[in-house]
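What the coordinates show
The chain contents come next:
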Amino acid sequence: MWLPSFSLEDKLAAITGATKGIGYAIAMAYAEAGADIIVIARTKDDVHQVVKEIEQLGRKAYPVVADVKDYQSIIDQIEALIPQEKSINILVNNAGMNIRSTALEVTEAEWETIVQTNMRSAFFLSQYAAKAMKDNQSGKIINISSVAGEVALRTGVVYGMTKSAIQQMTKNVALEWGPYNIHVNAIGPWYFPTSLTEELLKDESYVNDILRRTPMNRLGDVKELAGAAVFLASEASNYITGQTLFIDGGMTIYGF
Ligand SMILES: NC(=O)C1=CN([C@@H]2O[C@H](COP(=O)(O)OP(=O)(O)OC[C@H]3O[C@@H](n4cnc5c(N)ncnc54)[C@H](O)[C@@H]3O)[C@@H](O)[C@H]2O)C=CC1
Ligand SMILES: C[C@H](O)[C@@H]1OC(=O)[C@H](O)[C@@H]1O
């Protein structure tokens, strides 16, 4: 057999921000690939709606209603919810947000919100998941970064800093946890229509600016990102760790 397995059968995946946009696409693709899902987001009704959709696929789903800034609440809910004999096999640190202030305008409050949401939560949830993965000598962590972690965007210095940090964290913990067979990778999207980008993408001239920087001359579709997320969660990526895979229509290689 040469074709590796892309199946997530019998795996338990925890996904932050799993009720909308990229996180929702990943959650549904993982369920279709056979995984049970811990659905983590802030809005109770949204979380329970996604739980229902996953159960309709024949998978188990566990609702965790929390703000990732309060990552301890997430850990406590997971500990209370999942059966003793189960533990997280896959963690997707997806939840993220941006406040698009210029560097001269950024406030400390904005800094704290962006840093705690995008960076601190990802590290401490990774640390929590990795402890069980180390015992199992197996695990997959996928961090959702952004092209903003690789190149300068006009959409906020603090956001870009957190995404660069996510890419560096991916490398560092991949180095430390490689001996435990824990694979840690990141995905760096360019623009995908979601609620995070909805307002921006209503501006035709802004979209034209995006397309001028995009060799494929179009925005992404979250379904095109879900496939890479399944690959990085499956056995098919078992010798890949510490990498950031840019899913960007070619944007990060566009020189001139
Ligand atoms: N949509 C895009 O064009 C791009 C998105 N990204 C990244 O992809 C990830 C997902 O973004 P989208 O799906 O576009 O956003 P979205 O806003 O459509 O969905 C984000 C999800 O995360 C949840 N979330 C946000 N802050 C949270 C918090 N503090 N606690 C718990 N849940 C929280 C939201 O409720 C939602 O379910 C983010 O990390 C973002 O930085 C990166 C590059 C481009
Ligand atoms: C590509 C960026 O990550 C994108 O830019 C924004 O303004 C949004 O915050 C998205 O994350």
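The notes below deal with the structure included here. The numbers attached to residues start from 1 for each chain and follow its sequence in the written order. The naming scheme follows written order: chains are lettered A onward, ligands numbered 1 onward. In keeping with the predicted nature of the model, local features appear solely for residues at pLDDT of at least 70, side-chain atom pairs appear and are counted solely at 80 or more, and the whole-chain, interface and lining totals rest on all residues. Values shown for side chains rest on all heavy atoms present in the structure; no hydrogens or waters enter the calculation.

**Thoughts on the site of ligand 2**
Neighbouring residues are identified by heavy atoms, a residue being near a molecule or strand if any of them is within 4 Å of it. Taken together, the neighbourhood of ligand 2 is formed by N98, R100, S146, L153, T155, Y159, W190, Y191, L196, T197 and L200. Note that an oxygen atom of ligand 2 is positioned 2.5 Å from one of the side-chain N or O atoms of Y159. Nitrogen and oxygen atoms within 3.5 Å of one another constitute a polar contact, given that in protein one can donate a hydrogen and the other can accept it, and given that sequence-neighbouring residues count only through two side-chain atoms. Within the side chain of Y191, one N or O atom sits 3.0 Å away from an oxygen atom of ligand 2. Protein chains bury 96% of the 290 Å² of accessible surface belonging to ligand 2 in isolation. Residues were grouped as follows: Ala, Val, Leu, Ile, Met, Phe, Trp, Tyr, Cys and Pro as nonpolar; Asp, Glu, Lys and Arg as charged; and all remaining residues, including Gly, as polar. In terms of residue class, the shell around ligand 2 is built from six nonpolar, four polar and one charged. In short, Shrake-Rupley with a 1.4 Å probe defines the accessible areas, and a residue's cover is counted only from the protein chains shown.

**Things to note about the packing of aromatic side chains**
Only the six-membered ring of Trp is used, alongside the rings of Phe and Tyr, when aromatic pairs are assigned; centres must lie within 6.5 Å, and planes under 30 degrees apart are stacked while those over 60 apart are edge-to-face, with the rest tilted. All told, the structure shown has five aromatic pairs when counted by the stated rule. Measuring from centroid to centroid gives 5.0 Å for Y71 and F124, while their planes differ by 10 degrees, and the two rings are stacked. With a gap of 53 residues between them, Y71 in helix 3 (residues 71–81) and F124 in helix 4 (residues 108–136) connect regions that are remote in the sequence. Any residue under 20% of the maximum accessible area for its type is buried, any over 50% is exposed, and the rest in between are partly exposed; the area is computed with a 1.4 Å probe on protein chains only. Residue classification places F124 among the partly exposed positions, given a relative accessible area of 27%. Measuring from ring centre to ring centre gives 5.9 Å for Y191 and Y206, while their planes differ by 85 degrees; the resulting arrangement is edge-to-face. Separated by 15 residues along the polypeptide, Y191 in the loop between strand 6 (182–189) and helix 6 (204–212) and Y206 in helix 6 bring together distant segments of the chain. Like Y191, the residue Y206 is buried in the burial classification. In DSSP terms, a helix is any run of H or I states spanning at least four residues, a strand is any run of E spanning at least two, and both are numbered starting from the N terminus.

**Section: the site of ligand 1**
In the region of ligand 1, 26 residues are neighbours, and V68, N94, Y159, T194 and S195 sit closest. In this structure, R42 approaches ligand 1 through a side-chain N or O atom, which is 3.5 Å from an oxygen atom. Taken by itself ligand 1 offers 820 Å² of open surface, and the protein chains cover 96% of this. Listing elements by their share of the shell around ligand 1, those giving two or more residues are helix 1 (21–32) and helix 5 (157–177). Residue composition of the shell around ligand 1, grouped by class: eleven nonpolar, eleven polar and four charged.

**Examining helix 2 (residues 44–56)**
The terminal C-alpha atoms of helix 2 lie 18 Å apart, and with 13 residues this matches the ideal 18 Å at 1.5 Å per residue to within 8%. Throughout, a contact is declared for two residues whenever any of their heavy atoms are within 4.5 Å. Looking at the packing, one finds that the buried side of helix 2 touches helix 1, strand 2 (36–41) and strand 3 (61–65). Once helix 2 finishes, G58 follows within two positions and takes phi at roughly 90 degrees, a positive value. A helix is expected to span 1.5 Å for every residue after the first.

**Regarding the pairing of strand 2**
Looking along a regular strand, one sees side chains alternate from face to face of the sheet. Counting buried positions along strand 2 gives six out of six residues, so the element sits mostly inside the fold. A two-sided burial pattern is seen for strand 2, the buried positions comprising D36, I38 and I40 on one face and I37, V39 and A41 on the other. Between any two strands, pairing holds if DSSP finds at least two bridges. Sheet topology places strand 1 (residues 12–16) next to strand 2; five bridges connect them, and they run parallel. The residue of strand 2 that forms the bridge with I15 is V39. For the handedness criterion, the β-α-β arrangement of strand 1, helix 1 and strand 2 is classed as right-handed. For crossovers, right-handed means that the path from the first strand over the helix to the second runs clockwise, given strands pointing away from the viewer.

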